[in-house]
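The primary structure of each chain is shown beneath.
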Amino acid sequence: MKQGRISSIQSMGAVDGPGIRCVVFLQGCPLRCAYCHNPETWPIEGGEEMDLADLLTKIERLRPYLQQGGGVTVSGGEPLLQWEFVAELFSNLQDRGIHTALDTSGVGSLQGASEVLQHTNLVICDLKFCNEQDFRKQCHGDLRQVYDFLALTAERGVPLWIRQVIVPGLNDTKESILSLKEQARQYPNLEQIELLPFRTLCATKYEALGIPFLLQGTRDCSEETIHRLEAWLTE
Ligand code: SF4
């Protein structure tokens with residue numbers, strides 16, 4: 001029976017997919033996004049090892065809540081780092097009639113992603129920036145991997161939500177939003193685009209972990225900014 005490294009479990013989340021959801025935050029991430037809210041998930045050796053069977057038992061206890069239009073979301077960290085565990089978890093959940101959502105940055109093994117997508121009802125992909133330079137500078141990743149992943153979700157016809165965290169001074173411009181819109185429109189499986197406001201609350205986590213917070217001094221993103229940017233998405 002498979003084991004996964006788990007950072008934390010949120011029994012009843014309401015923002016990571018439709019309905020009430022159990023959100024499983026997996027440990028380990030290959031990216032280092034400057035605005036990351038979960039830096040405690042970065043090292044793969046952190047978190048707690050858990051048997052798949054134990055996790056399924058825990059989820060089963062929540063079934064009455066999850067079955068009313070909700071389900072299970074796997075987030076992180078980057079869940080595709082542990083793709084074998086996620087594929088098996090999702091396969092078991094679907095067999096039990098529970099909706100599965102993958103909240104990912106889209107980086108990692110495309111082969112692994114392909115296995116996971118076979119058992120995924122919804123992909124929520126954080127498309128952090130739409131140009132190579134910013135993605136490399138702010139997240140330390142290769143944007144082509146994300147685009148390859150998104151193309152795979154389209155090929156498989158898995159419903160797709162695209163998200164972007166809006167950070168003042170980094171991507172809160174009309175130009176950035178229009179390029180997000182242009183990119184997202186390419187995917188016929190796209191259902192919605194969500195803009196999420198950057199919050200500085202996470203700075204205390206960095207302090208506690210002794211990790212420099214690169215966005216020190218950046219202000220929170222306001223709701224007004226989100227509404228202004230959303231208007232450009234829909235116009
Ligand atoms: S992909 Fe997510 S968990 Fe990983 S560094 Fe970026 S924001 Fe943090």
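Residues numbered from 1 in each chain as written. Predicted model: local features only at pLDDT ≥ 70, side-chain atom pairs only at ≥ 80, totals over all residues. Heavy atoms only, no water.

Student: Would you take a moment to explain the overall build of the protein chain for this structure?
Tutor: Along the backbone of the protein chain there are eight helices and eight strands. Taking 235 residues into account, the globule formula puts the C-alpha radius of gyration at 18 Å, and the protein chain, at 17 Å, falls close to it. Counting only C-alpha atoms and orienting by the principal axes, one finds that the protein chain spans roughly 45 × 45 × 30 Å. Taking all 235 residues of the protein chain together, the buried fraction comes to 49%. Of the contacts made within the protein chain by residues no fewer than 6 positions apart, 70% connect residues no fewer than 24 positions apart. (Helix = DSSP H or I, 4+ residues; strand = E, 2+ residues; numbered from the N terminus. Rg over C-alpha atoms; globule rule 2.2 N^0.38 Å. Buried < 20%, exposed > 50% of the residue type's maximum accessible area, 1.4 Å probe, protein only. Contact = heavy atoms within 4.5 Å.)

Student: Sorry, what's going on with the site of the ligand here?
Tutor: Around the ligand, the structure places Cys-29, Leu-31, Arg-32, Cys-33, Cys-36, Trp-42, Gly-77, Ser-105 and Lys-128. Placement of the ligand is best described as lying within the largest pocket. For the shell around the ligand, the class distribution of residues is five nonpolar, two polar and two charged. (Near = heavy atom within 4 Å. 1 Å grid on protein atoms, 1.4 Å probe; cavity = no way out; pocket = protein on both sides within 12 Å on 5 of 7 lines; lining within 4 Å. Sits in = over half its atoms within 2 Å of the grid points. Nonpolar A, V, L, I, M, F, W, Y, C, P; charged D, E, K, R; others polar.)

Student: Quick question: what am I supposed to make of the packing of aromatic side chains here?
Tutor: This structure, assessed with the given rule, holds two aromatic pairs. Here the aromatic rings of Trp-42 and Tyr-206 are separated by 6.1 Å at their centres, their planes lie at 75 degrees, and the arrangement is edge-to-face. A residue pair is termed long-range when its members are at least 10 positions apart, and Trp-42 in the loop between strand S2 (21–26) and strand S3 (48–51) and Tyr-206 in helix H7 (residues 203–209) qualify at 164 residues. Residues Tyr-206 and Phe-213 carry aromatic rings whose centres are separated by 4.7 Å and whose planes lie at 40 degrees to one another, so their mutual orientation is tilted. (Phe/Tyr/Trp six-rings, centres within 6.5 Å; stacked < 30°, edge-to-face > 60°.)

Student: Please explain the pairing of strand S1 (residues 3–13) as it appears in this structure.
Tutor: Look at any regular strand and the pattern is simple: side chains alternate between the two faces of the sheet. Note: S1 against S3, four bridges, orientation antiparallel. Residue pairing in the sheet places Arg-5 in a bridge with Glu-49 of S3. (Pairing = 2+ DSSP bridges.)

Student: Please explain the nonpolar core as it appears in this structure.
Tutor: Among soluble globular proteins, nonpolar side chains are generally buried collectively. Counting 67 residues, the largest nonpolar core has Ile-59 and Leu-89 as its most contacted members. Once you skip the residues sitting within four places of it in the chain, Leu-89 turns out to touch Leu-52, Leu-55, Leu-56, Ile-59 and Val-74. (Core = buried A, V, L, I, M, F, W, Y, C linked by side-chain atoms within 4.5 Å.)

Student: Before we go on, may I ask you to explain unusual backbone geometry in this structure?
Tutor: Note: most peptide bonds trans; most residues except glycine with negative phi. Note that the residue after Gly-76, namely Gly-77, is joined by a cis bond; omega there is 20 degrees. As for its position among the elements, Gly-77 is in the loop between strand S4 (71–75) and helix H2 (83–95). Look at His-140: it is not a glycine, yet its phi comes out positive at around 60 degrees. With respect to the helices and strands, His-140 occurs in the loop between helix H4 (132–139) and helix H5 (143–156).

Don't take any of this as a statement about function, it's just geometry.
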